Structures are given as structure tokens and as C-alpha cells.
Amino acid sequence: MKFSILAKSAITSILRNKTRSFLTTLGVIIGVLSVILLTSIGNGLTVFVEKQFETIGSNLLIISPGEIVSEEGGFNQEAAALSLASSKLSDRDVSALERIGYPIGGVAPVIEGSVDVRSAQGKRKGFSVASTPDYSELRNTKTTKGRFFSQSDVASSRKVVVIGSKIAEKLFAGVNPIGQKVTINRIRFEIIGVAEPKNSGNFGGPDIDSSVYIPYTTASSALGQEKISYILAQVTQKEEMNRAKTKIKEVMLRRLNEEDFSVTDQAEILKTIQNILSTLTVGLAGIAAISLVVGGIGIMNIMLVAVSERTKEIGLRKALGATPNNILIQFLIESAVLSTLGGVFGIILGVLGALAIRSFFPATPAVSSILLAFGVSLLTGIVFGVFPAKKAATLSPIEALRYE
Amino acid sequence: MSTSKNNRAEIVLELSNISKSYQLGDQTLDILKGINLSIYKGEFVAIVGPSGSGKSTLMHIMGILDQQTSGTVTLAGRSVVDISEAEAALLRNQYIGFIFQQFNLLSRTTALENVLLPTVYSGNTESKTAKAIAILRNLGLGERLKNYPNQLSGGQQQRVAIARALINDPAVIFADEPTGNLDSKSGHEVIEILKKLNAEGRTIVIVTHDVELAKVAKRTIKIFDGQIVQDTINHKQKL
């Protein structure tokens, strides 16, 4: 018995009832569609978060004021903001950290604040980042025009600024901002560089491109910002992250109480978020998969109808030499083709849907989930086809031939 | 059985002491009661009997569609006792051709594909295609190969069914009321075809309640109440 003949006969009988076949596969279509959409969103979010962390810099430990990291490693943005006001981190802590040496590379204190940025073209809310020249390397912040501030800029507290790409775009449209003056909180700064765009502000991430970068010492002298928001410490090798963390804790504990600082590991936070996201994705896909089961039941139902409608055909085929297995396989192929067709339509719609929502939400259809959806829909057809096919296979040829 | 058949003629199908009974609640229904019957190669047999006489059940057992409660069936030298459904299917496929009252063609399937249906299960569709075309041509359906059953007249449909019964060169062809659904002209054509096939050496068994139709056969077996009551050779065949 040829498989191709059976497949052909399965497709013929599916096409015989086009409307019915479509309605039957609708359950599988919706199931696969939602699985693909949800996994695409989960996948897209994971990629998005990874990118966000890449913009922050790699192998970084962050020493922040207060206890913003829970025992479990969770990160609390609000606690961070609250403890900022009472930050006990000082320049001497920075020097102490610098003295540790290997495995800690660069150390950069950062003072952050909200600022108003004005130019002749207008005004914009911005985010000031005051640090040392090392910041550029630690946070992977490059300039597309001009230069980053230097050690001498910091030493002399010069009022120079590197503006974010969005600030440049909005406040210096059509002009080369280098050498121009910009007012930050009513203080005039000279623009010495424009930062490379990070495009992190889409989908609700922090808008790094609206930052203005100024020398560390200028923040207190010109803007009156004195509290250290956090200290960045770069670890020379990934493998040394834990050792570096321990060392930093040791040094800091000699200087401050335990509750006055936290040391966070970027990779750890990333891992935590990725875990949450993948659990979420699996959970959502699991819920969506329930509709696949419903779709499978629909297929089983219609296959049972098909078996009783074609009782006479089954009897005839048996009389002409079809074994129970031949009949079983014929109906299994039919239900498998039916649900796989639904799966293929669902995949197409799911991928199109994911691409459609991409403009406002990160969604990336993964090849693995497409293959999985295909496999699952095929399996659904087989699993839910077994019962009707068994029923067909065990029909007595005489009874079946007599059936009107 | 008293037949005038030459004893040296090959027995195609032999039934000895066949009984068939059904259990209906606590009641046992005996449909066939000890049937002994031999069908010889090249015979044209009519099994006649009123409704409920057991002739259909007899045909089902002879055609390996049903299994006897007791007794033995020997088909083409093989004993058919306690065989699996798959084995029965194989025997039907290889040794038996069926012609039904309702034609039983698959709709949405061309005449040629219908004729080739048994070969789907014997796995030799390709090698039998030329033969199927030849049989259909022989039956006057050379122009109808690609037609669907609903594009054919009743007589044409029954001829397609006859071609289907012939495709695997069966040892016996069973025709269950083959003219029952046809007008008299088409019925006459079908009978002529059966006679011609028998003349070519085919073994044919017709099952009918129509005594007139039975007269075309060379041998008539009358069934009544689950038993053979008469087994006669028709010396003068007429239609």
C-alpha cells in the first residue's frame, strides 16, 4: 500500500468538505497562532533585555548606596532612588576601590540627575551623567562627533558636555553642535561631543540617548549635585566576577555599614530577568497550548463524523482487501493532514502577526517555536485521530457494507 | 452434493459443515445449519433463496467477509479457519472479486481509479494500470476512464464494478443481486457480461432472490432456513 496514494485520498476527502475542514482546523489555527505569537513576544523581550544590558556595558559591578538588592538578588529601582538622597558613598570610597587593583580594572563614580537642557532651538528634559573619563569605556559610550571629556576636564571642573544623540537631534537640528553652547539647569556648557545612539528608549527602556555627560567634578561645582549615585567597577575577566565582588564587599565593609551599600552584578540581574521571561513565555505558551487541545478535540469530533459518514466506503475498502491497519493509517493520515494544515496556517498567521506588532512591541518569532508548533500540530492530529481511526479500522466489513 | 461435475475438476471453494449462529440476548439464532458445498473452477452458480434464508450470510462466509461459527472453508487450497482480519483481507484481495447491488463505487474517484482500488492494497497499482484500462475498454468504457461515477449511468457503473472485481484475477467472483438496481436493458447487459466472463473460464457465484436471474447460471443452489434444499444443474439456460 502506497503512502502517496493514501495521502492523496486524505487530501481529496479533506477538500470534499472545504468549509467543514476549515472550521475544524480553526481550533488548531488559533492554538498555533497564539503559541507562535506568545513565544515570539517572550523571545523578543529576552532579546530586548539582553540588548539593554549590552548598552550598559559588560563585566560591570555596580556599587550603589543603600540596600537595593534583596537577599534573592532582586533589584528594586524605587529603593535605589530613595537611598540616593542619603547616599553615603564618597570619593574616598572610590579611591579605596581603585587601590584594590586586579581583578578590578577601571573604577568610575557616577552622579546622575534630571536636568533641563536648552538650546536656541528649544528645551528638553534630559538626564545628566557626571563621571570620569573611564565611564566612556566602562559603559561603552562612544562619541560619533567630537570627543569624550578628559582627565584634565575633570581636574579643572570644566563646563564641557557630551550630549546624547537625541538631544543633538532635537536641539541642534541641522547644525554641528560641537563648539556650540547649551544650557543645562541654567548653566552654560560647551558641547565637546555627541554620543553614539543606543536606541534603548523604544519599548519603554531608559532613554539613554537623552543623556548629557559632564565631568564628574563639574556636577557639584556647577549643578550642585554632590551625592554619588553609584560607583562602576569593571572586572578584567568574566571568571573573576565573584572574586571581585567579594573583594569590593570586603573593602566597602571596612568603610561603611552593610546596609549603606550594595554590590550588583549585571550578569546576575540579566540572568534573573531572563529566567523570569522564559518562565513567563513557557507559561503563556502552555496556556495557548490548551487551545491546541481544544482544536484536537474538534478534529477528533469531525473525524468521528467522517468515519460514520464513510462507513460504506470503509466496508467496501475492506471487502476489496484493506486490512484494519490500512484503514487505520488512512484515517490517521487524514486527521494528521487536517491538523497540520491548521498548524501551517497558524504558523503563517502567527509569524505575520508577530511581524505586525513588531513596530510597537519587541516580538521575534523563533525558528524553534515554529518547528515545535508544526510538530505539535502534527502530533495533535495523530493523537486525536487515533480513536476515530481505530473505530474505522474495527468496523465489520459486512455491517459497513450494509450501512445506508 | 450431487453435481454432475467431473470429479477431476479443480475445487476452488469448499465449505464443509458450515454453521453460523448469532447470540441475541440469551437466544441463539442459527442462520446456517451445516452447509456442505463445493464450487468448481469455471462454474457459474446461482445461490437463490428468500429473504432471511441465510443466502447473504452464506455469501459472506464464502467471500471471507464473515467467519463461520463452525465448519471449515477451503479457498484455493488454503484452509480458512480462525484467521486474522488482516489475513482475511489479503485473501479477499487476492482470490475474491465482489460485485454489489449498489455498485459501491467511490464517488470523487474516476472509473479507472475505482477499478484500481484493490491494487492499492496489493501494492501494484502501477503495473496494473494498463490492465485496468484494457478491462474497461473490453467492457465498452474506453471513453469513460476519467469519468466520475455520477457521470455514468447505472449500467456503466456496474460495468466499472465488474472491472474492479476482475483486476486482481480472482479465483471466484461473487455477484450480490448484480441487476437489482438496474433497468432491464442494463441488467441484461450485465448478465451477458457475466456469461461471457464465465465462458472465458471465470468462476462466478451470483446471489439472488430472483429465480429468473438464477436461470442464467449453470447450477442453482436453493437455500431455505439455513440449509441447502436443492442443488441442480441447469441443462437449458435461458434469460
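Residues numbered from 1 in each chain as written. Chains lettered and ligands numbered in written order. Predicted model: local features only at pLDDT ≥ 70, side-chain atom pairs only at ≥ 80, totals over all residues.

(A) Structural detail: the overall build of chain A. The helix and strand tally for chain A stands at 14 helices and 10 strands. For a compact globule of 404 residues, the expected C-alpha radius of gyration is about 22 Å, and chain A comes in at 32 Å, more than 25% above that figure. The principal-axis extents of the C-alpha atoms in chain A amount to approximately 105 × 50 × 35 Å. A separation threshold of at least 6 residues defines the contact pool for chain A, and within that pool the share at least 24 residues apart is 82%. (Helix = DSSP H or I, 4+ residues; strand = E, 2+ residues; numbered from the N terminus. Rg over C-alpha atoms; globule rule 2.2 N^0.38 Å. Contact = placed C-beta atoms within 7 Å.)

(B) Molecular detail of the overall build of chain B. A count of helices and strands for chain B gives 8 helices and 10 strands. Its C-alpha radius of gyration of 18 Å places chain B within 12% of the 18 Å reference for a compact globule of 239 residues. In terms of overall dimensions, chain B has C-alpha extents of about 50 × 40 × 40 Å along its principal axes. Taken across its 239 residues, chain B has 47% of its residues classed as buried. Here the contacts in chain B between residues at least 6 apart in sequence split such that 69% fall between residues at least 24 apart. (Buried ≥ 20, exposed ≤ 12 C-beta atoms within 10 Å, placed from the backbone.)

(C) Highlighting the interface of chain A and chain B. On the side of chain B, 20 residues touch chain A, which itself brings 18 residues to the contact. Listed by contribution, the elements that provide at least two residues to the side of chain A that touches chain B are helix H1 (3-16), helix H11 (311-319), helix H12 (324-357) and helix H14 (397-402) of chain A. Looking at the side of chain A that touches chain B, the element that brings in the most residues is H11(A), giving 4 residues. Of the residues that constitute the side of chain A that touches chain B, the class distribution is 9 nonpolar, 5 polar and 4 charged. (Nonpolar A, V, L, I, M, F, W, Y, C, P; charged D, E, K, R; others polar.)

(D) Here's a closer look at the domain arrangement of chain A. Domain annotation for chain A reports domain 1 (3-51 + 272-402) and domain 2 (106-229). Each of domain 1 of chain A and domain 2 of chain A has a C-alpha centre, and the two are 55 Å apart. (Domains from an automatic or database assignment.)

(E) Up close: H1(A). All names here are of chain A. Taking 1.5 Å per residue, 14 residues should reach 20 Å; H1 reaches 20 Å between its end C-alpha atoms and fits that length. Restricting attention to buried positions, one finds in H1 the residues Ser9, Ala10, Ser13 and Ile14. Angularly, the buried residues of H1 cover 135° about the axis, an arc narrow enough to put them on a single face. More than 90 degrees from the buried face of H1, the exposed residues found are Ser4 and Leu15. (Expected span 1.5 Å × (residues − 1). Arc of directions from axis to C-beta.)

(F) Examining the sheet that holds strand E6 (residues 96-99) of chain B more closely. Residues and elements named next belong to chain B. Taken together, the 6 strands give an open sheet; going across it, the order is E6-E7-E8-E3-E9-E10, and neighbouring strands pair in mixed fashion. Both edges of this open sheet fall to E6 and strand E10 (227-233), since each of them pairs with a single strand only. The sheet shows a mean angle of 20° between the axes of neighbouring strands, direction not considered. Across 4 bridges, strand E7 (residues 172-176) lies against strand E8 (residues 204-208) in parallel orientation. Across the sheet, Ala175 pairs through a bridge with Ile206, a residue of E8. Relative to the sheet, helix H6 (residues 154-166) contacts E6 and E7, its axis offset from that of E6 by approximately 170°. (Pairing = 2+ DSSP bridges. Axes fitted to C-alpha atoms, helices over the stretch in contact; angles between N-to-C directions.)

(G) Structural detail: unusual backbone geometry. Despite not being glycine, A:Asn185 shows a phi value in the positive range, around 50°. Secondary-structure assignment places A:Asn185 in the loop between strand E6 (181-184) and strand E7 (187-195). Taking the C-beta count within 10 Å as the criterion, A:Asn185 has 17 such neighbours and is therefore assigned partly exposed. Although it is not a glycine, B:Ala76 adopts a positive phi angle of roughly 50°. Looking at the secondary structure, you find B:Ala76 in the loop between strand E4 (70-75) and strand E5 (78-79).

(H) Local environment of the packing of helix H10 (residues 266-309) of chain A against H12(A). Residues and elements named next belong to chain A. Interhelical geometry of H10 versus H12 gives an angle of 140° and a closest axis separation of 11 Å. Taken as axis vectors, H10 and H12 run oblique relative to one another. The two elements H10 and H12 cross, and the hand of that crossing is right-handed. Side by side, H10 and H12 meet where Gly295, Gly296, Ile299, Met303 and Val307 of the first sit next to Phe331, Ser335, Leu338, Ser339 and Gly342 of the second. (Parallel < 35°, antiparallel > 145°, perpendicular 65-115°, else oblique. Left-handed = near helix turned anticlockwise from the far one by under 90°.)

(I) Examining the sheet that holds strand E2 (residues 27-40) of chain B more closely. Residue and element names in this part refer to chain B. Taken in spatial order, the 4 strands line up as E2-E1-E4-E5 in an open sheet, and their pairing is antiparallel. Whereas interior strands pair on both sides, the edge strands pair on one side only; in this sheet they are E2 and E5. Note: strand E1 (residues 11-24) against E4, 5 bridges, orientation antiparallel. Bridged to Ser19 within E4 is Ser70. Here helix H1 (residues 55-62) sits on the sheet and contacts E1, E2 and E4; the angle it forms with E1, its principal contact strand, is near 125°.

(J) Spatial organisation of the nonpolar core. Membership of the largest hydrophobic core comes to 101 residues, with the highest contact counts inside it found for B:Ile47, B:Val115, B:Ala163, B:Val172, B:Phe174 and B:Val205. Per element, the largest residue contribution to this core is 9 residues, and it comes from H12(A). B:Ala163 has contacts with B:Val115, B:Ala132, B:Ile135, B:Leu136 and B:Leu139, leaving out every residue within four places of it along the chain. If you look at the next biggest cluster of nonpolar residues, it comprises 50 residues, including A:Ile63, A:Tyr213, A:Ile214 and A:Val235. (Core = buried A, V, L, I, M, F, W, Y, C linked by C-beta atoms within 7 Å.)

(K) Fine view of helix H13 (residues 367-393) of chain A. Here H13(A) is 27 residues long and its end C-alpha atoms lie 37 Å apart, about the 39 Å a rise of 1.5 Å per residue gives. Largest kink in H13(A): about 45°, centred on A:Val386, with the proline A:Pro388 one to four residues after it. (Bend = angle between axes of the 7 residues up to and from the residue.)

(L) Molecular detail of the environment of B:Gly180. Residue position: B:Gly180 is located in the loop between E7 and helix H7 (184-199). Note: C-alpha distance between B:Gly180 and B:His209 (29 residues apart in sequence) is 9.8 Å.

(M) Looking closely at the confidence of the model for chain B. All names here are of chain B. Mean pLDDT over chain B works out to 90, with 95% of the residues at or above the 70 mark. The model gives residues 1-5 a pLDDT under 50, and that stretch makes 10 contacts with residues more than four places away or in other chains. The ipTM value of the predicted complex is 0.92, and its pTM value is 0.72. (pLDDT = per-residue confidence, 0-100.)

(N) Quick look at the pairing of strand E9 (residues 219-224) of chain B. All names here are of chain B. In the sheet, strand E3 (residues 44-48) pairs with E9 via 4 bridges, with the strands oriented parallel. The residue of E9 that forms the bridge with Ala46 is Thr220. Inspection of the sheet shows E9 paired to E10 by 6 bridges, in the antiparallel sense. Within the sheet, the bridge partner assigned to Ile221 lies in E10 and is Asp231. Between E9 and E10, which follow one another and run antiparallel, lie 2 residues, and Asp225 among them has a positive phi close to 55°.

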